[in-house]
Amino acid sequence: MKINKVKTGIIAAAVGMASLISTPTVMAADAQYIGSLVYRTGPYAPGGIPWADGFADYINLLNERDGGINGVKLNLEECDTAYNTDKGVECYERLKNNGPTGMPAVMPLSTGITYALLDRVVADKIPLITSGYGRADAADGTIFPYVFVPPATYWGGADIAINYMASEEGGYDNLKGKKIALVYHDSAYGKEPIKTLEALAGKHGFELSLFPVPHPGLEQKATWLKIGRQLRPDYVLMYGWGVMNATAIKEAAAVNFPREKFIGIWWSGNDVDMVPAGKAAVGYKSLQFNGVGADFDVHKMIKQVLYANGKGSADSEAGIGEVAYNRGLQSAVLLTEALQGAMNEFGNKPVTGEQVQWALDRLDIDEARLKAIGAEGLFDPIKLSCADHLGKGRAKITQWDGTQWKAITDWIQHNNEMLDVMYKESAAAYAKEKGITPRACN
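Fair warning: this is a prediction, and the values are worked out from it, not measured in the lab. (Residues numbered from 1 in each chain as written. Predicted model: local features only at pLDDT ≥ 70, side-chain atom pairs only at ≥ 80, totals over all residues. Heavy atoms only, no water.)

Enquirer: Outline the overall build of the protein chain, supporting the account with residue identities and numerical values.
Expert: Check the secondary structure of the protein chain and you find 14 helices and 15 strands. A compact globule built from 442 residues should have a C-alpha radius of gyration of about 22 Å, and the protein chain, at 21 Å, falls within 12% of that. In terms of overall dimensions, the protein chain has C-alpha extents of about 65 × 55 × 50 Å along its principal axes. For the protein chain, the residues scored as buried account for 57% of the 442 residues in total. When contacts within the protein chain are restricted to residue pairs at least 6 apart in sequence, long-range pairs at least 24 apart make up 71% of them. Here the protein chain carries 44 positive and 50 negative side-chain charges, and the mean point of each set is 3 Å from the other. (Helix = DSSP H or I, 4+ residues; strand = E, 2+ residues; numbered from the N terminus. Rg over C-alpha atoms; globule rule 2.2 N^0.38 Å. Buried < 20%, exposed > 50% of the residue type's maximum accessible area, 1.4 Å probe, protein only. Contact = heavy atoms within 4.5 Å. Lys, Arg positive; Asp, Glu negative; His and termini not counted. Charge placed at Lys NZ, Arg CZ, Asp CG, Glu CD.)

Rendered as structure tokens:
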């Protein structure tokens, strides 16, 4: 199956206005349309390309091997946002009504685009799936019926990182008096964990210092001189993206900050970020909400069915197993399992966003299902409900050995008691602001 890639660009006309450049797409009336927002271009393309390849490869695998889902072929169309919020909204509007039933769900791959689409998806009845980014309080499905955040949130990631630091120190009591710095992308994304970290600092008595880094993140020397020469923290947590990640790791090495005490959120743990940092990256750690490596049955099937026959999304199979690729693969599994759930309930034909929302409210990807699709150990089981749009919210700590990521912990659970309260309080405030009446969930 050929993927139709809709590119964004600037039309060189007198008006000089940004617009979408697209090729007309022939939509099969009996095929399930899937609109995919990606960023194969722009400053963050090195991380966006493997995600897009992983997502597309799984969709293509289902088509080539199984004839789609329940006999319904899948028609995938990409729209390149270049990780730009305005272009992301344009892509959403361009794709949302395509196919016989419209776009069944949207995965914007950007916290900025997520915030811009929150009201639109409710009006359009199209589920918004934000895996590991976006609004953490959308875990509350009573307030956000059309937003789903599995398998993890930025708030949960911050808590898991502190949990790991506490285990390294011999317990939470030993965090008292410790210095922890947050180096973060100065954007909606980078600011997401601050509230959680401030609450944890108050609870456990560690000193939190904040270091925002302006886009794109190439100028960090002054920041790391303050960290390495003045603050001298016990740990550094990073919410970075793109070139910011490699730059931070090299600057940390320059001031002799130990990389084993330097921990990134999952978007600060891409393979493409480690290679430019070279030897400086050895020992650096990152959270991941998926398994690492390519030694899983689903990867083998993708190589055999697609790449051996010249049908892979990428030019070669070299990138299969990179963490960003695995995240794209996981997102495709999440979406297609919801599509299958909707078809099982409403019939084997293209389904609507409203029907997929129904299925996501009941999504249950357990260990047996993961084994059946060849992803056992690659993903943590996901079970959602009307009220719970997150699931377990677990992540692992991985470490870069110079050539690849190695998992050094099992799945770590975030502090449900504390975060559930924070999710509900934040969601309730949003509901009050927007005049939303919470839906009843049994």
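Next, the rest of the story.
Enquirer: How would you sum up the state of the cysteines? Please name residues and give values.
Expert: The tally for this structure, following the rule as stated, stands at two disulfides. Residue pairing for C79: its cysteine sulfur links by disulfide to C91, the two sulfurs lying 2.1 Å apart. Since a negative S-S torsion denotes a left-handed disulfide, the C79-C91 link at about -75 degrees is left-handed. Taken together, the residues C79 in strand β4 (residues 74–80) and C91 in helix α2 (residues 85–95) connect sequence positions 12 residues apart. With relative accessibility at 0%, the residue C79 sits in the buried group. Each sulfur in the disulfide pair C386 and C441 lies 1.9 Å from the other. Its S-S torsion of about -60 degrees marks the bond between C386 and C441 as left-handed, since a negative value means left-handed. (Disulfide = S-S within 2.5 Å.)

Enquirer: Lay out helix α3 (residues 111–124) with the relevant residues and their values.
Expert: An ideal rise of 1.5 Å per residue puts 20 Å on 14 residues; α3 measures up with 19 Å between its terminal C-alpha atoms. At L117, α3 is bent by approximately 50 degrees, the largest bend along its length. For α3, every residue scored as buried is listed here: T111, I113, T114, L117, L118 and V121. Near the N-terminus of α3, the side chain that reaches the backbone nitrogen of G112, with its oxygen 3.2 Å away, is that of S110. Following α3 by one or two positions, K125 adopts a phi angle in the positive range, close to 55 degrees. (Expected span 1.5 Å × (residues − 1). Bend = angle between axes of the 7 residues up to and from the residue. Polar contact = N/O pair within 3.5 Å; in protein donor to acceptor, adjacent residues only side chain to side chain.)

Enquirer: Would you mind going over unusual backbone geometry in detail, with residue names and values included?
Expert: A cis geometry characterises the amide bond from P150 onward to P151, with omega recorded as 10 degrees. Relative to the helices and strands, P151 resides in the loop between β6 (147–148) and α4 (154–169). With omega at 0 degrees, the peptide bond leading from H215 into P216 counts as cis. Tracing the chain through its elements places P216 in the loop between β8 (207–213) and α7 (221–231). Despite not being glycine, A82 has its phi angle at roughly 55 degrees, a positive value. In this structure, A82 sits in the loop between β4 and α2. Taking relative accessible area as the criterion, A82 reaches 14% and is therefore assigned buried.

Don't take any of this as a statement about function, it's just geometry.
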